[in-house]
Amino acid sequence: FRNGSAFPNGLPWIRNYTAGTTRCNYADFARSKATETDCAWCPDSHYVNGQYYMYYAASTLGSKVSGMFLATSVTGRSGNWTNMGEVFNSKAASFNAIDPSLMVDDDGTWYMSFGSWSSGIWQYIMDSSTGFVKQGEQPVHLANNRPTGIEGSCLWKNGN
């Protein structure tokens, strides 16, 4: 269901990745009428540690120059989100930083799977105290690209 815009005043910090596009892909959860150029993709939200964590990507259709961002909120309501910044990007990487999917394991480890089309699915281990990539972690390649592309990853714990 629609619960309003997470950022009703737009997301000017993502414009380096959206290039001012007005064509949003997939979810236009943060798009506002005042700032038609702030198009973000594929939000993934979780309630952990007493607050909501929302990961989202910024890119343009067909580009590998993408960024993954984090916002947090105590309430999860429209307009009550705080941008925490860029989590990582794919400007100089072999992967594409879109389609975030967080999984929190029973032992408290946070895993972020992501990636799209151009080079398959990847994963980072995240720092549960910050929501960002754990210091020193390198991305792990989970699935290879297929000739028809691969995207939209999601991790589930075996048995759930």
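Residues numbered from 1 in each chain as written. Predicted model: local features only at pLDDT ≥ 70, side-chain atom pairs only at ≥ 80, totals over all residues. Heavy atoms only, no water.

Caption draft 1: Up close: the overall build of the protein chain. Within the protein chain one finds one helix and eight strands. Every one of the 160 residues in the protein chain was classed for burial, and the buried ones make up 44%. Working note: accessible area of the protein chain is about 8,400 Å², and carbon and sulfur atoms make up 48% of it. (Helix = DSSP H or I, 4+ residues; strand = E, 2+ residues; numbered from the N terminus. Buried < 20%, exposed > 50% of the residue type's maximum accessible area, 1.4 Å probe, protein only. Areas by Shrake-Rupley, 256 points an atom, 1.4 Å probe, with all protein chains shown as cover.)

Caption draft 2: Expanded view of the packing of aromatic side chains. Throughout the structure, instances matching the rule amount to 14 aromatic pairs. On the basis of an interplanar angle of 85 degrees and a centroid distance of 6.2 Å, the ring pair of F88 and F95 is categorised as edge-to-face. (Phe/Tyr/Trp six-rings, centres within 6.5 Å; stacked < 30°, edge-to-face > 60°.)

Caption draft 3: View of the pairing of strand β5 (residues 101–104). Of the pairings in the sheet, the one linking β5 to strand β6 (residues 110–114) comprises four bridges and is antiparallel in character. Within β6, the residue paired with M103 across the bridge is Y111. Taken together, β5 and the strand that follows it, β6, pair antiparallel across an intervening segment of five residues, in which G108 is found at a positive phi of about 90 degrees. (Pairing = 2+ DSSP bridges.)

Caption draft 4: Focus on the sheet that holds β6. Strand order in the open sheet made by the four strands is β5-β6-β7-β8, with antiparallel pairing throughout. Two strands bound the open sheet, and with one partner strand each, they are β5 and β8 (140–143). Taking each pair of neighbouring strands and ignoring which way they run, the sheet shows an average axis angle of 30 degrees. (Axes fitted to C-alpha atoms, helices over the stretch in contact; angles between N-to-C directions.)

Caption draft 5: Representation of the environment of Y52 within the structure. Mapping Y52 onto the fold places it in strand β2 (residues 51–58). Sequence separation between Y52 and T75 is 23 residues, and the spatial gap between their C-alpha atoms is 7.2 Å. For Y52, the contacting residues outside a window of four places in its chain are H46, Y47, A71, T72, S73, V74, T75, G76 and W81. (Contact = heavy atoms within 4.5 Å.)

Caption draft 6: Structural context of the pattern of salt bridges. This structure, assessed with the given rule, holds one salt bridge. The closest approach of N and O atoms between K157 and D106, which form a salt bridge, is 2.3 Å. Pair noted here: K157 is in the segment after β8 and D106 is in the loop between β5 and β6, with a separation of 51 residues, a long-range link. By relative accessible area, which is 32% here, K157 ends up partly exposed. Owing to a relative accessible area of 64%, D106 belongs among the exposed residues under this scheme. (Salt bridge = Lys/Arg side-chain N within 4 Å of Asp/Glu carboxyl O.)

Caption draft 7: Focus on the nonpolar core. Y55, F88, F95, F114 and M126 are the most contacted members of the largest nonpolar core, which totals 21 residues. Mapped onto this core, the elements with two or more residues apiece are β1 (41–48), β2, β3 (67–73), β4 (82–89), β6 and β7 (121–126). In this structure, F7, I14, Y17 and A71 belong to the second largest nonpolar core, which totals 12 residues. (Core = buried A, V, L, I, M, F, W, Y, C linked by side-chain atoms within 4.5 Å.)

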